[in-house]
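Structure at a glance
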Amino acid sequence: IRRAPESRGAAAKGSTMQGITNKRALVTTATDGHVDKKIRMTTALVPSSSDIKKQLIETKGVLPRTSTLEAPIMLLTGHSGPVHACKFDASGKFLASGGMDKLLFLWEVDGKCENIATLKGNDGPILDIHWHRDGEFILTASADKSGVVYDVETQEKIKRLRGHTSCVNSICGSRRGDPFVLTASDDGSTKMWDLRTRGHIIDLEDEKAKFPVFACCFSDDSTQAFTGGIDEEIKVWDLRKEKVLYKLKGHRDCVTGLELSVDGRHLLSNSMDNSLISWDVRAYVSTPRFTRKFMGHRHNMDKTLLKCAWSPDGTKITAGSADRQVYVWDATSGRIMYQLPGHQGSVNEVDFHPKEPIVVSCSNDKKIYIGEIIM
């Protein structure tokens, strides 16, 4: 692995980001600084998909590159502690990452994947990151009991969301309409903010059972909010009435991550019971809201808040795992498509690139990998 000490991306030579069985892998070769534009075969790991195996046979073991990255796998270093969150912006040109070192890193997602900015403003570890809509703002949730809003163009902190009395575990912005933001905290509350005003405008709390909330997100039209935490169930809130509409029950341990599909029809939840569940959250459904359970990834005694994500077309899901691997499932069949090794610590978040067949993962090992997959 060619490292770049000053927070820059590096091509991961011989890495196993594109693989899952125990036979062969796809890696890149570099000669005199030139990265070969073909992926060559070597002893390591590859996807077990029959379609991919067939393609390898037809092309005699050589597959074309599928992205604009300098190499099929890029290693991004620079964080001095565990990296808790990483997300692509809507254009796919930039990546944001944050973690224990309290710093928000911005990276270019092209060529060498260089670090273009390091933003300060959080007084505690960054636990979650969200790009607000078109990428004009970046939202961060922090253990310093607040959320922070950064202006991407000026690279400055422009607003701090204060009001929680404990760690803020999750943050999410509305997809359309008014510029609303949700924050979920260990204090048992989920607060909604309007970026145009001071203070929160809605406080969502279950007075009967006030447990820490680990994850939150908006519905597609921002009229509802989904929250999950230590009480093992997902609450669906009506934001106009500030009441719980219904609850999604199926997990047997803490809910650590929530993500709404791009089309807004399904909600994905990650839980410490070592499962992910897809739920139908459309307004009116005649069938059970439970859609499918996905198994394979692991949580451990560290109780890290592992997140989850949908692919842009909604056909795949992904999640990190305490067993140091990245998992990608087929959203329809529930089959594991990729089980990607490489990290040396718990993988906390994985995200799909919005336009190219690329995934990014961050880990407690202080590293970020960006790698091509075969979609």
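Since the structure is predicted, the reported quantities are computational estimates derived from the model, not experimental observations.

One finds Phe 226, Ile 234, Leu 248, Leu 258, Leu 267 and Val 281 to be the most contacted residues of the largest nonpolar core, which totals 27 residues. Of all elements in the fold, only strand 17 (180-185), strand 19 (200-205), strand 20 (213-218), strand 21 (224-229), strand 22 (234-238), strand 23 (243-248), strand 24 (255-260) and strand 26 (275-280) reach the threshold of two or more residues within this core. Here the element with the most residues in this core is strand 20; it accounts for five residues. Residues in contact with Val 281, not counting those within four places in the same chain, are Phe 226, Tyr 246, Leu 248, Leu 260, Gly 264, Arg 265, His 266, Leu 267 and Arg 289. Membership of the second largest hydrophobic core comes to 17 residues, among which are Leu 69, Met 74, Leu 76 and Cys 86.

Take the sheet that holds strand 12 (residues 126-132) next. Overall, antiparallel pairing links the four strands, which are arranged 12-13-14-15 in an open sheet. Edge positions in the sheet fall to strand 12 and strand 15 (156-162), since each of these pairs with one other strand and no more. In this sheet, adjacent strand axes meet at a mean angle of 20° when their direction is disregarded. When strand 14 (residues 146-151) meets strand 15, the two strands line up antiparallel, connected through six bridges. Among the inter-strand pairings, Val 148 is bridged to a residue of strand 15, identified as Arg 160.

Opposite charge on two side chains lets them pair, provided their charged atoms get close. Throughout the structure, instances matching the rule amount to 17 salt bridges. When the shortest N-O distance is used, the salt bridge between Lys 247 and Glu 233 registers 3.2 Å. With Lys 247 in strand 23 and Glu 233 in the loop between strand 21 and strand 22, this residue pair connects regions lying 14 residues apart in the sequence. Judged by its relative accessible area of 39%, Lys 247 is partly exposed. Judged by its relative accessible area of 14%, Glu 233 falls in the buried class. Beyond isolated ion pairs, a larger network of salt bridges with shared partners links Asp 206, Asp 231, Glu 233, Lys 235 and Lys 247.

Reading the values: the criteria
Residues numbered from 1 in each chain as written. Predicted model: local features only at pLDDT ≥ 70, side-chain atom pairs only at ≥ 80, totals over all residues. Heavy atoms only, no water. Core = buried A, V, L, I, M, F, W, Y, C linked by side-chain atoms within 4.5 Å. Buried < 20%, exposed > 50% of the residue type's maximum accessible area, 1.4 Å probe, protein only. Helix = DSSP H or I, 4+ residues; strand = E, 2+ residues; numbered from the N terminus. Contact = heavy atoms within 4.5 Å. Pairing = 2+ DSSP bridges. Axes fitted to C-alpha atoms, helices over the stretch in contact; angles between N-to-C directions. Salt bridge = Lys/Arg side-chain N within 4 Å of Asp/Glu carboxyl O.

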